[in-house]
Every structure is written in C-alpha cells, then in structure tokens.
Amino acid sequence: MSVTLNQTTGPAYTRIYAYGAARGENAVPNEDLVGPIDSSDEWIRQRTGVVTRVRADKGTTAIDLATAAGIEAIEKSGVAADQIDVVIVATISNPKQTPSVSAIVADRVGANPAAAYDINAACAGYAYAVAQADALIRAGAARHALVIGTEKLSDIVDPTDRSISFLLGDGAGAALIGPSDTPGIGPAVWGSDGAKADAVGMNHALTEFRDGESPWPTLRQEGPTVFRWAVWEMAKVARQAIEKAGVTPEDLAAFIPHQANMRIIDEFAKQLKLPESTVIARDIETTGNTSAASIPLASHRLMAEHPELSGGLALQIGFGAGLVFAAQVVVLP
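Owing to the predicted nature of the structure, the values given are computational and were not obtained by experimental measurement.

A. Highlighting the pairing of strand β5 (residues 115–119). Judged from the 5 bridges that link them, strand β4 (residues 86–90) and β5 form a sheet pairing that is parallel. Of the residues in β5, the one forming a bridge with Ala 90 is Ile 119. Each parallel crossover has a hand, and the one from β4 via helix α3 (residues 101–109) to β5 is right-handed.

Structural data, given as structure tokens:
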C-alpha cells in the first residue's frame, strides 16, 4: 500500500505590513573619530556622506535593539505577537555564537514558540530574510513572519582602521510580513561572489584571538574594490530585480539601497537612471552604515518622512561582506 504525504500550500501573495526601528542611544559626530585615523570631518563627509552615526551604550546588545524594533513593527502591523509563525534575524553581531538572536527575540516579543533562525549575510541579510519570509508564507510554512536586521557594529570596529571604522553605526530595523490579496514582494535576485570574499569582512578568526595569535577581530574592507563592485555589478542586479518584478524605473516611488556610502548611493541612482520623482533613502548621513539593519532602518525613516509613499513601489538592494547580494521590489506599507 502506497502512502501519499501531505504538502502545504499558502496564499498567492505577501506584503510588508509595517516597519519598526531602534537606533543606538548615542550620536557620534565625525569629530569624535578623526583623531585615531588622522583624518578630518571634511574628509569623512566627502568620502562617505556621513555627518554623524548612532552607536549603542556598552550594555545594549544587538538582541536589545532587535527586540525594540520588532515590538514596534508588531504593534503597528495590527497582528498579534502570538500569530507570528517565524522570526528571522539578519545579523553579524550576535554577542554569542549561540543561541540565536532570533529565538531570544521571538520570546521577548511574545511570539514564542515561533520558528526562529538567524541569517549571516551581512549587509544583504535583511533582503535575504524578506525573500525567505515571502517564500515560507506562500509555501504555507508560515502565515506571518517577523523579519529583523540588527547590528551592534561598534563591538567589532577598530577605531584606528581607516578603511571602515568611521562608517559604522548600531541599530535594528524590523518588518512584519504576511499574506496579501495582491502582490507586495517581487521576485528576489540574489547570489554571491565568494571569490572576492576577502574584500570586506573580519580581519582575524576567533580561534586566532583565543590562541593569542591576533588582536580582537574587527571589520575591515578594501574600499576601492568594494566601491567598484557595488556600483557596477550591483547596478546590474538592481536592474534585474526591476525587470523580474515586471516594472520600470519610472514606476519606482522609492529607492532603498544598503546604506554603505553616500557616493555609492548617488552613483547607483545615476546608473539606474531613476526619475527625479523617485525618493532615495539617505539614512547613512545621520545613522551610519549599520550592515543588515540599514535597509529596514532607512525604510522606517523614509515612511516617517514621506507617508505619501504608502502603497508605492520601492526597490531595495543589499550587498556586502562575503560579497553576497539580494534585491527585490516591494510595496511600501
């Protein structure tokens, strides 16, 4: 006798219901960082567009930031916390290798016993998580998903490093995703280029630090390599995401790229030939580069400043360490 397994199916479409955000408690202006890198406020502004960045108190963790952002997203969504089936957290700054940030956050926000797991895809992590939440819901594996990007990068920064230290900030951004009667999340264009993995990432292994062979591991990057890759290769990925969504650049109400560098954002817009009507997220100016948190933080601020964008289309793209990337067009809540 043969036995046929049941397989689940879900709703045809999904959408983002609401955003939440939490930023580090302290504004850190350029002047506070220029001494150790022998630089100036003017140099940092010209090279990156950053005027100040937010960093968290010593006792605040990426878990704390994620919890605060997740609670706001849940409250604004109108979905009860106990109706969340999966919590996905993108981060590279979990204070411990295990347990996961997601399991702790799921419990803290009231979603226990939701499925929970972390994603380590650096600056592309949030976009990866949105793609997975969309797929899980449409497959019937979940109905509501809480997606969070959270980082406390100040824990893994060398203040004397001129390649990246002055860019980084702390924060968390969250999105509550659920079923929709109409398409709200476009197909993801994602991938990686591990051949260039050394271009940005940690400079040492934890085992090297343990064995006294290296100082505390911190982030570093090869700026010119990352800039060229981001501007030229990621512009291609962005165009593919627009095409797969079945829209054109003229249809975009907003462009929300990973907040890596203002020069990259500006060059991106030129490459994509975005119309003047497209609102471009520039959260990096006062928040800094927050890796996995940057897209949802920028989205949260964009909607607060431009509520008229609700219901419009936004292109979001993440790219970063390990040279991983992901892009999709979404409908703004």
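B. Up close: the packing of aromatic side chains. For the structure on display, the rule yields 6 aromatic pairs. Here Phe 268 and Phe 319 contribute two aromatic rings whose centre-to-centre distance is 5.8 Å and whose plane-to-plane angle is 55 degrees, an arrangement assigned as tilted. Taken as a pair, Phe 268 in helix α7 (residues 262–272) and Phe 319 in strand β13 (residues 313–320) lie far apart in primary sequence, 51 residues in all. Each member of the pair Phe 268 and Phe 319 is classed as buried. Here the aromatic cluster, defined as three or more aromatic residues joined through ring pairs, consists of Trp 229, Phe 255, Phe 268 and Phe 319. In this structure, Arg 162 is placed above the aromatic ring of Trp 43, and the distance from its NZ or CZ to the ring centre is 4.8 Å. Residue placement shows Arg 263 over the ring face of Phe 227; its charged tip is 4.9 Å from the ring centre.

C. Region of the structure containing helix α6 (residues 223–244). Taking 1.5 Å as the rise per residue, α6 with 22 residues should run 32 Å; its terminal C-alpha atoms sit 30 Å apart, in good agreement. A maximum bend of about 35 degrees is found in α6 at Met 234. Turning to α6, its buried residues number three or more, namely Val 226, Trp 229, Ala 230, Val 231, Met 234, Ala 235, Val 237, Ala 238, Ala 241 and Ile 242. One or two steps after α6, the chain reaches Gly 246, where phi turns positive at roughly 80 degrees.

Each value, and the rule that gives it
- All chains use their own residue numbering, which begins from 1 and follows the written sequence.
- Per-residue local features are limited, in this predicted model, to residues with pLDDT of at least 70; the limit for side-chain atom pairs, both in listing and counting, is 80 or more; totals at the level of whole chains, interfaces and linings are taken over all residues.
- Calculation of side-chain values draws on the structure's entire complement of heavy atoms; hydrogens and water are dropped beforehand.
- Each pair of strands is called paired provided DSSP finds at least two bridges between the two strands.
- Secondary structure follows DSSP: runs of H or I at least 4 residues long count as helices, runs of E at least 2 residues long count as strands, and numbering of each begins at the N terminus.
- Whether a crossover is right-handed depends on one test, that the path from the first strand over the helix to the second runs clockwise when the strands point away from the viewer.
- Ring pairs shown here join Phe, Tyr and Trp side chains whose ring centres sit within 6.5 Å, with only the six-membered ring taken for Trp; geometry is labelled stacked below 30 degrees between planes, edge-to-face above 60, and tilted in between.
- The classification of residues rests on relative accessible area computed with a 1.4 Å probe and restricted to protein chains. Under 20% of the type maximum is buried, over 50% is exposed, and intermediate values are partly exposed.
- Put simply, a charge is over a ring when the Lys NZ or the Arg CZ is close to the ring centre, within 6 Å, and near the line of the ring normal, within 35 degrees.
- By this rule, a helix spans an expected 1.5 Å times one less than how many residues it contains.
- Here the bend at a residue means the angle between the axes of two seven-residue stretches, the one that ends at it and the one that starts at it.

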